[in-house]
Amino acid sequence: MATLTRPSKRPRTSPTTTSNHLPSFLRYLSTVGAIVHPNVTFVHSLSWGNHVMATAPIKANTPIFRLPLRLCITSDTAKAHPTIGTLLLELQQSSTLTSLDFDRACVFVQLMYEHYLGEASPHAAYIAILPSLTEMEERIATTRITNSIQTRTKSKCLMGTHIENSIVPKHMSLLDCIYQDVIVKVVEKSSRTHPTLAAALTYNQLVWAAGIFHSRAIMIPGENRSSHARCEALTPLIDLLNHRPGYLSELQRPPMLAESNTTTSRALQKQDVVVYTVGRTIQANEQIFLNYGPKSNEDLLAHFGFCLDKNICDVLRIEITPSAPGTASATSTLLLSQEIVLYEGCHLGKALDVCREVVSDGLETTANEVVYKQEQIKEDDDGEGALSSSAAWFAQ
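What counts and what doesn't
Residue positions are given per chain, counted from 1 along the sequence in the order it is written. Only residues with pLDDT of at least 70 are given local features in this predicted model, and only at 80 or more are side-chain atom pairs given and counted; all residues enter the totals for whole chains, interfaces and linings. Side-chain numbers here rest on the full set of heavy atoms in the structure, without hydrogens or water. Salt bridges are defined as contacts in which a side-chain nitrogen from Lys or Arg sits within 4 Å of a carboxyl oxygen from Asp or Glu. A run of H or I in DSSP becomes a helix once it reaches four residues, and a run of E becomes a strand once it reaches two; helices and strands are each numbered from the N terminus. In this scheme, a residue with accessible area under 20% of its type's maximum is buried, one over 50% is exposed, and one in between is partly exposed, where area comes from a 1.4 Å probe on protein chains only. Between any two strands, pairing holds if DSSP finds at least two bridges.

Moving on: the pattern of salt bridges. Evaluated as defined, the whole model comprises seven salt bridges. With a closest N to O distance of 3.3 Å, D239 and R216 form a salt bridge. Remark: R216 occurs in helix α9 (residues 203-216) and D239 occurs in the loop between β6 (230-233) and β7 (242-243); sequence separation between them is 23 residues. For the residue pair D239 and R216, the accessibility class agrees, reading buried in each case. Here D272 and R253 are joined by a salt bridge, their closest N and O atoms 2.2 Å apart. Residue D272 is found in the loop between β8 (249-252) and β9 (273-278), and its partner R253 is found in the loop between β8 and β9; the two are separated by 19 residues along the sequence. Residue D272 is classed as buried on the basis of its relative accessible area of 16%. According to the relative accessible area criterion, R253 is buried, its value standing at 9%.

Spelled out as structure tokens, the structure:
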């Protein structure tokens, strides 16, 4: 299995691409009701890409970003879209996709269409700062046109890993299903009324849109504003924030209030907004982050193109197959193959016991998967380094 180094920052990105459009994007936001805390600045670097810094202290729970909800792209905005909305609602009734996958497909379709419209799209300023398909192919394993990695130098590092053998094929298989179940049918149904959709909704654009979604979409509060009712959304401005696990960030949808446009000084109608806050004081010259959720380095590397040096949510995946090819028990490999997920920081002794137990009993059990979660393998004083130690033991 290839050895992957773990960078502590995002992969290097070209400063000549999306960063050139960032000033225009920020000016656009100021004209459409978005509000940014005055102690915030936006920076681009080779290590972090576009990111957000504090120029002076910001008190805990102070609104940092205030974004009108109408600027977000969700499955609801796609289904209400004047061009594609009716088509998507019709297809939803007969789709073979799960409700989650269909909702994501709707976001893909709207993003693809808005990208095709170019400057005519109300989301043009946002789309201009998004990475291109070529840029994402260079660093994100699941963003690819073909299953071959021979022409993708960085992806060769993933050969033989779980990402390349399992995650990528499943992702591409789902995209194929979305293309046949949604994209092709939208194009067919709109061939007379909107013939230009055929040029907008191509497979390459689907791969791009899915890559953008999986690397940038976040969960925002739903219509009832409950923290338990959330939906996935592309959120301009807020998605500029880099990931830090455990970061005390929060997104809220406060009651709608009337507001005034600082540019025209005229009253605006009430509008729904998403507010981003941090639950602790942010110091000057400190980067402001967003907690993407409990994501392992495997997940981050597959869908975001980076991983973290100290990731408290990281896992080690060990696959066990019964016997060498040609033996009697090898015929039942598919049934007996087991998988262990050991969470970083778990107790070393118990982790080794798990490996020994599965190795000794693997030929007698029919379990497809054995997952030991952090609650079951408790962390203690000698937990640090357990991941690498247990991996080294198992390899012997």
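Following the structure, the description resumes.
Here we take up the sheet that holds strand β1 (residues 35-36). A sheet is described by the order of its strands in space; here four strands give the open sequence β1-β4-β9-β8, paired in antiparallel fashion. Either end of the sheet is taken by a strand with one partner, and the two such strands are β1 and β8. Here strand β4 (residues 65-68) runs beside β9; their pairing, made up of four bridges, is antiparallel. Residue pairing across strands places P68 opposite V273, the latter belonging to β9.

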